[in-house]
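Secondary and tertiary structure notes
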Amino acid sequence: MRGIAAAPGIASGPAFVYRVGHEAPPVRVLASKETVESECVRLDAALAAVREELLRFKKKSPGSVGSALAKIFDAQVMIVDDPSIRAQVKDAIGAKRLAAESAFARVVGDAQKAIERSPDPYLREMANDIEAVKTRVINQLMGHGADSEHHLSLPSIVLANTITPADIMSLQKGLVLGVVTQTGGQISHVALLAKSLGIPAVAGLGVDLRTVRPSTRLVIDGFSGAVILNPGSDTIEFFERKRRRTHSPWPKKLEALRDLPAVTVDRHKVSILANIDLAGETELAVAAGAAGVGLYRTEYLFLQQGEYPSEAKQVEVYRRAITTLAGRPLVVRSFDLGSDKAAPNAAPEANPALGVRGLRLSLEKPAILRAQFRALLAVSTLGPVWVMVPMIASVEEFEVARSIWNQAKADLRRKKIPFDSKAKFGLMIETPAAVRMAYELAQRADFFSVGTNDLVQYTTAVDRGNQRLQSLQHHWHPALWRQLDDIVKAGHRGEIPVGICGEMSGDPLAVLPLVGLGFDSLSFHPNSIPRIKALLRSVSFADCRKLAASVVASATSGQVRKLVKTFYARAARKLKP
Ligand code: PEP
Ligand code: MG
């Protein structure tokens, strides 16, 4: 089988089939030998087992997250104990001769839908607890045991139809050897997280992975997207050799580039920065020769522990990152939760990518944003800290964010905590609305960073995680390039630096026209840094500018592709020893 190569590396091991709650069980009617009574007994037993399990989890909830988790488990036990749910499920078993799991899914599903439509936010929050209970009970009834996340006890390759970054964080205990998903693409957040964690991943396989038997042996190749079930010894041997060969992320000769600047042959300098999801990756960024971190996705601090980190914990994490960078800039994005990085207990939304995500969510909780800004300002005396806010669609939103930034500064002044009063405050350009307002935004911001992973999806109306739209998930649409051109021009007219932190800036084909457009910095996964540096050092800025002008003038994605491929082929030939 072949999917999309989502995160590099080779993994081999047993399959762990991960199931998520919204995968409904098939509707099953009782066979003639099954009685309504025995099915009701099975239901009672499953509810009792889940109840016991929830109380066990409650007891084991560790450290600071303990009390929050305990409350969640209490709420879930109440749902398990609810006599009216139990009675309705038994009625459905009796009246419709449905198997217990089908009856439970139907009754609880109906209740969930009613709650999700409720105008009361507290009731809507409850929908998540109901979902969690539904999963556990159905898994119990279908013989999958309890919630699968607690059963990863052996190093395994996780197979899932859909999986979120939060699910991966809950599984990650050194036991996830690789990830394979039915859906998703190269820039889905799961793929980006897998890269950060160094876990090979294949996405968009397109087949129902629930049909794979647990513990089936498989090999996955995150370089080519190959997935081989039940490999023979020759195949295992072949991939083991490939694993050893590709273990180092970049060849020895590229290591020499680490301390050299990214400068074209005609002396045009670009800053090459690293995208990181976890603070610990700053070391990898430095080792790869990054001039700094261009995007630190702080929302993973939340996803790791299931709640917002305290201000003190944030100061500690940010201090470590800025100290490791030893004078290099650290560009930090405020929490960008929502959409496919939704918190596990977030209220469901019909269109999450167009919903309460990024800054919109932060503005619902301004005290949390203000505390994050304080924590970042508190380490700004240790090195250059640049802070930016995601998902801006209007000047007003940015102005509100900026006022919270100013309040955070006032808080520190009151507490007599020193900070760098010139610490930069900017924004990510990820929506076409922000592109149109770029000049006005540039007059109010200290810098721009373009998030093309999202800008592509919002420009072309293509969900970045939808596997059926794979052929449209690319960065060659001329509409995108025209917008990039507008952003750089507007930013420079407003005299602020303009960077790009979408993954496309680490694509050797895209990077040359991006440099030609005049981006001041490029930020992408550290593993790609040495190769991109070598490429930039072999071309002229004048040629890149001509290429960019032709790209912007193109009418079709096909024309853009052809232009960049021809240009790249010439540049790459020069690179060969
Ligand atoms: C982007 O949208 O391009 C970006 C860098 O942010 P993320 O991938 O985290 O949404
Ligand atoms: Mg984004």
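Everything quoted here is computed from the prediction, not taken from an experiment.

Rules used in this analysis
- Residues numbered from 1 in each chain as written.
- Chains lettered and ligands numbered in written order.
- Predicted model: local features only at pLDDT ≥ 70, side-chain atom pairs only at ≥ 80, totals over all residues.
- Heavy atoms only, no water.
- Donors = N, O, S within 2.8 Å, 3.2 Å for Na, K, Ca; no water.
- Helix = DSSP H or I, 4+ residues; strand = E, 2+ residues; numbered from the N terminus.
- Buried < 20%, exposed > 50% of the residue type's maximum accessible area, 1.4 Å probe, protein only.
- Phe/Tyr/Trp six-rings, centres within 6.5 Å; stacked < 30°, edge-to-face > 60°.
- Lys NZ or Arg CZ within 6 Å of the ring centre and 35° of its normal.
- Domains from an automatic or database assignment.
- Pairing = 2+ DSSP bridges.
- Salt bridge = Lys/Arg side-chain N within 4 Å of Asp/Glu carboxyl O.
- Near = heavy atom within 4 Å.
- Polar contact = N/O pair within 3.5 Å; in protein donor to acceptor, adjacent residues only side chain to side chain.
- Areas by Shrake-Rupley, 256 points an atom, 1.4 Å probe, with all protein chains shown as cover.
- 1 Å grid on protein atoms, 1.4 Å probe; cavity = no way out; pocket = protein on both sides within 12 Å on 5 of 7 lines; lining within 4 Å.
- Points joined across faces, edges and corners; volume = space filled by probe spheres on them.
- Nonpolar A, V, L, I, M, F, W, Y, C, P; charged D, E, K, R; others polar.

Here we look at the coordination of the magnesium ion (ligand 2)
Coordination sphere of the magnesium ion (ligand 2), protein contribution only: Glu430 (OE) and Asp454 (OD), at 2.0 Å. Here Glu430, found in the loop between strand 13 (424-429) and helix 16 (432-436), pairs with Asp454, found in helix 18 (residues 452-460); they are 24 residues apart in sequence, far enough to count as distant. One exposure class covers both Glu430 and Asp454, and it is buried.

So, the packing of aromatic side chains
Overall, the coordinates contain 10 aromatic pairs when judged by the stated rule. Here Phe373 and Phe425 contribute two aromatic rings whose centre-to-centre distance is 5.5 Å and whose plane-to-plane angle is 85°, an arrangement assigned as edge-to-face. Residue Phe373 is found in helix 14 (residues 366-378), and its partner Phe425 is found in strand 13; the two are separated by 52 residues along the sequence. Per residue, the accessibility class of Phe373 equals that of Phe425, and both read buried. Ring geometry for Trp476 versus Trp481: centroids 6.4 Å apart, planes at 5°, classification stacked. Pair check on accessibility: Trp476 and Trp481 agree, each one buried. Ring pairs connect the aromatic residues Phe373, Phe398, Trp405 and Phe425, which therefore count as one cluster. Note that Lys424 overlies the ring of Trp386, its terminal NZ or CZ placed 5.5 Å from the centroid. Against the face of Tyr439 rests Arg493, its NZ or CZ located 3.8 Å from the ring centre.

Quick notes on the domain arrangement of the protein
Annotation of the protein at the domain level lists domain 1 (26-143), domain 2 (148-245) and domain 3 (267-426 + 500-573). Centre-to-centre, using C-alpha coordinates, domain 1 lies 41 Å away from domain 3.

Considerations on the pairing of strand 6 (residues 217-221)
Counting buried residues in strand 6 gives 4 out of 5 residues, a clear majority hidden from the surface. Here strand 6 runs beside strand 7 (residues 226-229); their pairing, made up of 4 bridges, is antiparallel. Looking across to strand 7, one finds that Ile220 is bridged to Val227. Connecting the antiparallel pair strand 6 and strand 7 is a turn made up of 4 residues, with Gly225 showing a positive phi of about 90°.

Quick word on the pattern of salt bridges
Side-chain pairs of opposite charge can arise whenever the charged atoms involved come near each other. If you walk through the whole model with that rule in mind, you get 27 salt bridges. With its nearest N and O atoms 3.7 Å apart, the salt bridge here joins Asp336 to Arg357. Within this pair, whereas Asp336 is found in the loop between strand 11 (330-333) and helix 13 (359-364), its partner Arg357 is found in the loop between strand 11 and helix 13, the two being separated by 21 residues in sequence. Summarising the burial analysis for this pair, Asp336 and Arg357 share the class buried. Ionic pairing is found between Glu399 and Arg444, a salt bridge with its closest N-O pair at 2.8 Å. With Glu399 in helix 15 (residues 395-414) and Arg444 in the loop between helix 17 (438-442) and strand 14 (448-450), the pair connects residues that are 45 residues apart, well separated along the chain. Judged by relative accessible area, Arg444 falls into the partly exposed class, the value being 31%.

Some remarks on the site of ligand 1
The local shell around ligand 1 holds 15 residues, among which Arg297, Arg333, Gly451, Asn453 and Arg464 are the closest. A distance of 2.7 Å separates an oxygen atom of ligand 1 from a polar atom in the side chain of Arg297. Arg464 places a polar side-chain atom, nitrogen or oxygen, 2.9 Å from an oxygen atom of ligand 1. For ligand 1, whose unbound accessible area comes to 290 Å², protein coverage reaches 100%.

Points about empty space enclosed by the protein
Summed over all chains, the structure comprises 5 cavities of 30 Å³ or more. In this structure, the largest cavity encloses a volume near 80 Å³. Every residue lining the largest cavity is counted, 15 residues in all, and those nearest its centre are Arg297, Arg333, Met428, Glu430 and Asn453. Residue composition of the lining of the largest cavity, by class: 3 nonpolar, 4 polar and 8 charged.

Points about the environment of Trp476
With respect to the helices and strands, Trp476 occurs in the loop between helix 18 and helix 19 (478-493). Sequence separation between Trp476 and Val456 is 20 residues; the distance between their C-alpha atoms is 9.4 Å.

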